[in-house]
Amino acid sequence: MSTKIQAIRGMNDILPEKTIFWRVVERKLSDILIGYGYQELRLPLLEKTALFQRVIGEVTDIVEKEMYTFDDRNGESLSLRPEGTAGCVRAMIEHGLLRNTIQKIWYNGAMFRYEKPQKERYRQFHQIGVEVYGLSTADIDAEILLMTARFWQVLGLKDLELQINSLGSSVARATYREKLVEYFSNNLEQLDEDSHRRLHSNPLRILDSKNPDLKTLIENAPQLLDYLDDESKQHFEQLQMFLNDAGLKYTINPRLVRGLDYYNKTVFEWVTTKLGSQGTVCAGGRYDGLVEQLGGSNTPAIGFALGLERLIALLEAEQLFQNTKENQPHIYLMMVGNEALIKGLSLAEQLRNEFPQLKLITHCGGGNFKNQFKKADKSGAKWALILGETELANQQIGFKNLREEQPQQSFSRSDLITHLKSLL
RNA sequence: GUGAAUGUAGCUCAGUCGGUAGAGCUCUGGAUUGUGAUUCCAGCGGUCGUGGGUUCGAGCCCCAUCGUUCACCCCA
């Protein structure tokens with residue numbers, strides 16, 4: 001309805017029935033990250049537009065047409081972050097955290113891209129980002145991949161596929177890019193409209209085209225792996241050796257190129273076929289030149305981003321949230337009558353003191369027994385505590401199991417606490 | 001940015017040839033005056049996305065617009 005104010009297109013409310021999944025996933029992933037020695041960084045949502053222009057590349061779609069950009073009151077151009085690496089590198093340099101040291105960093109938060117919304121692609125979306133600075137050897141590339149594999153294992157996901165590739169040094173990549181442009185330019189008449197455009201913006205992307213008409217042309221194109229410099233070749237071989245040794249399965253996808261300009265050497269994606277055309281759940285790679293490009297000292301780096309919406313959608317598709325009891329209350333406290341309300345609220349606080357982990361809902365708003373039992377049942381609580389006139393007169397508290405057929409019991413306050421201790 | 005589908009109750013949907021709107025679920029109450037989840041009965045709930053047009057008459061036909069969905073592009 002046009003008179004109602006609606007959320008901005010592509011920006012979703014995450015409702016209570018879903019936030020529980022988010023909390024579970026975020027907690028499991030952050031536990032793993034902390035277990036590998038990563039430290040959390042919290043970054044602003046807004047940065048100067050120039051930062052993204054320099055980091056992501058002037059001619060990429062992200063910078064050209066997908067950023068939420070506006071002028072600050074002092075006339076400076078600001079943008080909502082379309083990805084996390086730029087702000088992370090900026091912050092690391094700004095606070096001098098990259099001087100002669102290794103840093104392992106993670107962050108979690110919203111990113112913004114002005115794209116047409118689609119299945120699991122939104123204008124505000126959430127990523128967990130991971131970045132490592134100061135390590136140039138392939139062992140860290142391998143460890144990062146092993147850690148992501150652990151993510152899926154802990155969450156119960158089985159059918160994500162790991163694809164890896166090497167883009168080589170920036171020099172090798174540039175040489176290859178020239179060869180590729182030359183090759184496609186000689187076959188211009190075979191290219192479709194999209195690929196014509198990509199010839200100037202990101203020719204490596206043509207290799208990834210979904211257009212079947214281009215299949216032969218792409219198969220005969222120069223291969224990136226043939227242009228790798230020796231150092232990158234060796235790095236890539238070492239990475240494979242580490243992965244083989246650790247038993248992590250992967251496929252080498254020579255057409256795997258990343259959209260952002262800053263990558264070199266190792267790039268990778270974890271992909272699924274279960275989310276329609278948005279199959280990439282987690283992706284990243286090495287970006288050894290970026291820190292220096294932004295004014296820091298020469299610092300090798302590698303990182304990745306994980307799309308939380310996609311990950312959670314995949315977990316839902318695989319029905320892996322079935323037995324989440326995270327939110328199930330232990331107790332629903334029913335109170336009928338004014339006197340019961342007064343006694344009940346103090347009882348509830350006493351129980352909370354006694355059992356800090358207790359999930360207890362007190363019935364507020366009055367109502368008869370039938371009404372309160374209905375709400376107790378709907379709350380999902382395991383047990384109902386019942387306080388009415390009879391109980392008050394006898395100084396007792398009714399106790400009823402709402403999930404199993406058992407006779408209703410009656411306890412004094414101290415007996416109730418003893419009983420709960422045996423149950424919780 | 002390109003293309004297609006779609007919009008009726010809080011949710012999922014029906015609505016015939018154009019004749020002023022229906023079901024299930026949810027919610028509330030009752031059957032049962034202190035016992036939920038089952039059953040039965042009743043009730044609440046609508047500017048048919050919005051604005052225009054055609055028509056004696058539009059949920060239905062036409063135009064525009066907004067939203068949603070899926071795909072392309074791009075990407076997590």
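Remember, predicted model here, so these are calculated numbers, not experimental data.

### Notes on the packing of aromatic side chains
Right, so step 1: In this structure the tally under the stated criterion is 12 aromatic pairs.
Right, so step 2: Measuring from centroid to centroid gives 5.7 Å for Trp 152 and Trp 270, while their planes differ by 75°, and the two rings are edge-to-face. Highlighted residues: Trp 152 in helix α5 (residues 138–155) and Trp 270 in strand β9 (residues 264–271), separated in sequence by 118 residues.
Right, so step 3: Since its relative accessible area comes to 3%, Trp 152 is described here as buried.

### Focus: the confidence of the model for chain A
Right, so step 1: Residues with a pLDDT of 70 or more make up 98% of chain A, whose mean pLDDT is 91.
Right, so step 2: Complex prediction metrics read pTM 0.91 and ipTM 0.87.

### Some words on the sheet that holds strand β2 (residues 46–48)
Right, so step 1: Taken in spatial order, the three strands line up as β2-β4-β3 in an open sheet, and their pairing is antiparallel. Edge positions in the sheet fall to β2 and β3 (69–71), since each has one partner strand and no second. For this sheet, the mean angle separating the axes of adjacent strands, direction not counted, is 35°.
Right, so step 2: Inspection of the sheet shows β3 paired to strand β4 (residues 77–80) by three bridges, in the antiparallel sense. Note that in β4 the partner of Asp 71 across the bridge is Ser 77.
Right, so step 3: In the packing of helix α2 (residues 49–56) onto the sheet, the strands contacted are β2, β3 and β4, and the crossing angle to β2 comes to about 75°.

### Some remarks on the domain arrangement of chain A
One widely used convention gives an interface's size as the accessible area the parts lose upon coming together.
Right, so step 1: Here chain A is partitioned into domain 1 (16–168 + 228–317) and domain 2 (331–423).
Right, so step 2: Each of domain 1 and domain 2 has a C-alpha centre, and the two are 49 Å apart.

### Focus on the side chain of Thr 85
Right, so step 1: Turning to its location among the elements, Thr 85 is positioned in helix α4 (residues 85–94).
Right, so step 2: Looking at Thr 85, the relative accessible area reads 8%, which means it is buried.
Right, so step 3: Excluding its chain neighbours within four sequence positions, the residues that come into contact with Thr 85 are Tyr 107, Glu 131, Tyr 262, Tyr 287 and Leu 290.

### Digging into α5
Right, so step 1: Taking 1.5 Å of rise per residue, the 18 residues of α5 would be expected to cover 26 Å, and the 26 Å separating its terminal C-alpha atoms lies within 8% of that figure.
Right, so step 2: All of the buried residues along α5 are Ala 138, Ile 140, Asp 141, Ala 142, Ile 144, Leu 145, Met 147, Thr 148, Ala 149, Phe 151, Trp 152 and Leu 155.
Right, so step 3: With its phi angle positive at about 90°, Gly 156 sits one or two positions after the end of α5.

### Examining the packing of helix α6 (residues 170–185) against helix α7 (residues 193–201)
Right, so step 1: Two elements in contact, α6 and α7, have axes whose closest approach is 10 Å; the angle formed by their N-to-C orientations is 150°. Considering their axes alone, α6 and α7 lie roughly antiparallel with respect to each other. In terms of crossing hand, the pair formed by α6 and α7 is left-handed. Across from Arg 177, Val 181, Phe 184 and Ser 185 in α6, the residues of α7 making contact are Leu 199, His 200 and Ser 201.
Right, so step 2: Residue classes in the contact of α6 with α7 are distributed as three nonpolar, three polar and one charged.

### A closer look at the sheet that holds strand β16 (residues 409–411)
Two strands in a sheet stick together by hydrogen bonds in their backbones, pointing the same way (parallel) or opposite ways (antiparallel).
Right, so step 1: Taken in spatial order, the five strands line up as β13-β12-β14-β15-β16 in an open sheet, and their pairing is mixed. Strands at the two margins of the open sheet, each flanked by one partner only, are β13 (360–362) and β16. Going from strand to strand, the sheet's axes swing by 25° on average, the running direction of each strand aside.
Right, so step 2: With three bridges joining them, strand β15 (residues 397–401) and β16 adopt antiparallel strand pairing. For Ile 397, the partnering residue across the bridge sits in β16 and is Phe 411.
Right, so step 3: This element, helix α13 (residues 369–379), spans β12 (331–335), β13, β14 (383–387) and β15 of the sheet and lies at about 170° to β12.
Right, so step 4: Sitting on the sheet, helix α15 (residues 413–423) is in contact with β12, β14, β15 and β16, with an inclination near 25° to β15.

### A closer look at the environment of Ile 144
Right, so step 1: Along the polypeptide, Ile 144 turns up in helix α5.
Right, so step 2: With 104 residues separating them in the primary sequence, Ile 144 and Leu 248 have C-alpha atoms 12 Å apart.
Right, so step 3: Not counting residues within four places of it along the chain, the set of residues in contact with Ile 144 comprises Tyr 38, Val 132, Phe 268, Ile 302 and Phe 304.

What counts, and where the lines are drawn
- Residues numbered from 1 in each chain as written.
- Chains lettered and ligands numbered in written order.
- Predicted model: local features only at pLDDT ≥ 70, side-chain atom pairs only at ≥ 80, totals over all residues.
- Heavy atoms only, no water.
- Phe/Tyr/Trp six-rings, centres within 6.5 Å; stacked < 30°, edge-to-face > 60°.
- Helix = DSSP H or I, 4+ residues; strand = E, 2+ residues; numbered from the N terminus.
- Buried < 20%, exposed > 50% of the residue type's maximum accessible area, 1.4 Å probe, protein only.
- pLDDT = per-residue confidence, 0-100.
- Pairing = 2+ DSSP bridges.
- Axes fitted to C-alpha atoms, helices over the stretch in contact; angles between N-to-C directions.
- Contact = heavy atoms within 4.5 Å.
- Domains from an automatic or database assignment.
- Expected span 1.5 Å × (residues − 1).
- Parallel < 35°, antiparallel > 145°, perpendicular 65-115°, else oblique.
- Left-handed = near helix turned anticlockwise from the far one by under 90°.
- Nonpolar A, V, L, I, M, F, W, Y, C, P; charged D, E, K, R; others polar.

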